[in-house]
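Per-entry structural report
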Amino acid sequence: MIKIGKPRINTKISSYVWIMAIIISLIMLIIFGTYTALNFIKTRNYIKIDAIVTNVSYYYEPSSDGESLINYIELKYTFDNLEYIGKQRVFFRNFQKVDKKVKIYVNPNNPKVIRDNYLTKLSIFIFIISLIFNIFTTKAYLTMKKEKLMEKDYEKRKNF
């Protein structure tokens, strides 16, 4: 049987590296948390409705490194008894099927405008990953500091 012990922290890594990792992850938390919050504030009056996927496709968009593949779905939805057609970016078009019912958020003042769930989900994902990274990095840093203090205390007692 494999025995799993307490994870060990590499105490040879300098405190500067740990602190920089914590600061960078905090900056990412602030950036992506702020983006997500502002997006939800901006679209707080949008109304959640059902839409039907009418087409699943992709297109190429010029980018700094050539072309980027953009997956999207075409949607048909009804708002105030009027029918609209819109597009929404998706991460994976393989999981999308024609005639599938999806939830979208529509601007009641301009029903042609749909909230961009693609960037919202991506921002939330990066926020969560940054939060987890920050928690583990901070815990590792504090554990390393504690181990170094214990080593110094041991050395003092040994030399006493």
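Below: a short report on this structure.

1. Things to note about the overall build of the protein chain
Along its length, the protein chain carries 2 helices and 4 strands. Along the chain direction, N to C, the helices and strands of the protein chain fall in the order α-β-β-β-β-α. Since a compact globule built from 160 residues should have a radius of gyration of about 15 Å, the 25 Å found for the protein chain marks it as more spread out than a globular shape. A principal-axis box enclosing the C-alpha atoms of the protein chain has dimensions of 85 × 40 × 35 Å. When each of the 160 residues of the protein chain is scored for burial, the buried share is 29%. Counting contacts in the protein chain only where the partners sit at least 6 residues apart, residues at least 24 apart contribute 64% of the total. Carbon and sulfur atoms make up 62% of the accessible area of the protein chain, which amounts to about 12,100 Å² in all. Side chains of the protein chain carry 26 positive and 13 negative charges; the gap between the two charge centres is 10 Å.

2. A few points about the sheet that holds strand S4 (residues 101-106)
Spatial ordering of the open sheet is given by S3-S2-S1-S4, a layout of 4 strands whose pairing is antiparallel. Two strands in the sheet have a free side with no partner beyond their single neighbour: strand S3 (82-89) and S4. Geometrically, the sheet is characterised by an average inter-axis angle of 45 degrees between neighbouring strands, direction not taken into account. Of the strand pairs in this sheet, strand S1 (residues 47-63) and strand S2 (residues 66-79) are connected by 12 bridges, and their pairing is antiparallel. Across the sheet, Tyr58 pairs through a bridge with Asn71, a residue of S2.

3. Considerations on the layout of surface pockets
A probe matching the size of a water molecule, rolled over the atoms, marks out where space remains unfilled. Roughly 220 Å³ of volume is contained in the largest pocket. Lining the largest pocket are 13 residues; nearest its centre among them are Gln88, Arg89, Val90, Gln96 and Lys121. Elements that contribute at least two residues to the lining of the largest pocket include exactly S3, S4 and helix H2 (117-159). Among the elements that take part in the lining of the largest pocket, H2 stands out by supplying 3 residues, more than any other. Along the lines of polarity and charge, the residues of the lining of the largest pocket split into 7 nonpolar, 3 polar and 3 charged.

4. Brief notes about a nonpolar patch on the surface
A cluster of nonpolar side chains, namely Tyr16, Val17, Ile19, Met20, Ile23, Ile24, Ile27, Met28 and Ile31, defines an oily patch on the protein surface of about 790 Å² accessible area. Tracing the backbone shows Ile19 in helix H1 (residues 15-42). Overall, the relative accessible area of 35% leaves Ile19 in the partly exposed class.

5. Here's the deal with the pairing of S2
Here S1 hands over to S2 after 2 residues, the two strands then running antiparallel side by side. Note: S2 against S3, 8 bridges, orientation antiparallel. By the bridge assignment, Tyr72 is partnered in S3 with Arg89. Linking S2 back to S3 in an antiparallel pair, the connection comprises 2 residues, with Asp80 at a positive phi of about 50 degrees.

6. Details of unusual backbone geometry
In this structure, Asp80 is a non-glycine residue whose phi angle is positive, near 50 degrees. Structurally, the position occupied by Asp80 is in the loop between S2 and S3. The backbone of Asp99 sits at a positive phi, close to 75 degrees, despite the residue not being glycine. Residue placement: Asp99 occurs in the loop between S3 and S4.

Reading the values: the criteria
Residues numbered from 1 in each chain as written. Predicted model: local features only at pLDDT ≥ 70, side-chain atom pairs only at ≥ 80, totals over all residues. Heavy atoms only, no water. Helix = DSSP H or I, 4+ residues; strand = E, 2+ residues; numbered from the N terminus. Rg over C-alpha atoms; globule rule 2.2 N^0.38 Å. Buried < 20%, exposed > 50% of the residue type's maximum accessible area, 1.4 Å probe, protein only. Contact = heavy atoms within 4.5 Å. Areas by Shrake-Rupley, 256 points an atom, 1.4 Å probe, with all protein chains shown as cover. Lys, Arg positive; Asp, Glu negative; His and termini not counted. Charge placed at Lys NZ, Arg CZ, Asp CG, Glu CD. Pairing = 2+ DSSP bridges. Axes fitted to C-alpha atoms, helices over the stretch in contact; angles between N-to-C directions. 1 Å grid on protein atoms, 1.4 Å probe; cavity = no way out; pocket = protein on both sides within 12 Å on 5 of 7 lines; lining within 4 Å. Points joined across faces, edges and corners; volume = space filled by probe spheres on them. Nonpolar A, V, L, I, M, F, W, Y, C, P; charged D, E, K, R; others polar. Patch = residues over 30% accessible without salt bridge, like charges linked within 9 Å, V, L, I, M, F, W, Y side chains within 5 Å. Salt bridge = Lys/Arg side-chain N within 4 Å of Asp/Glu carboxyl O.

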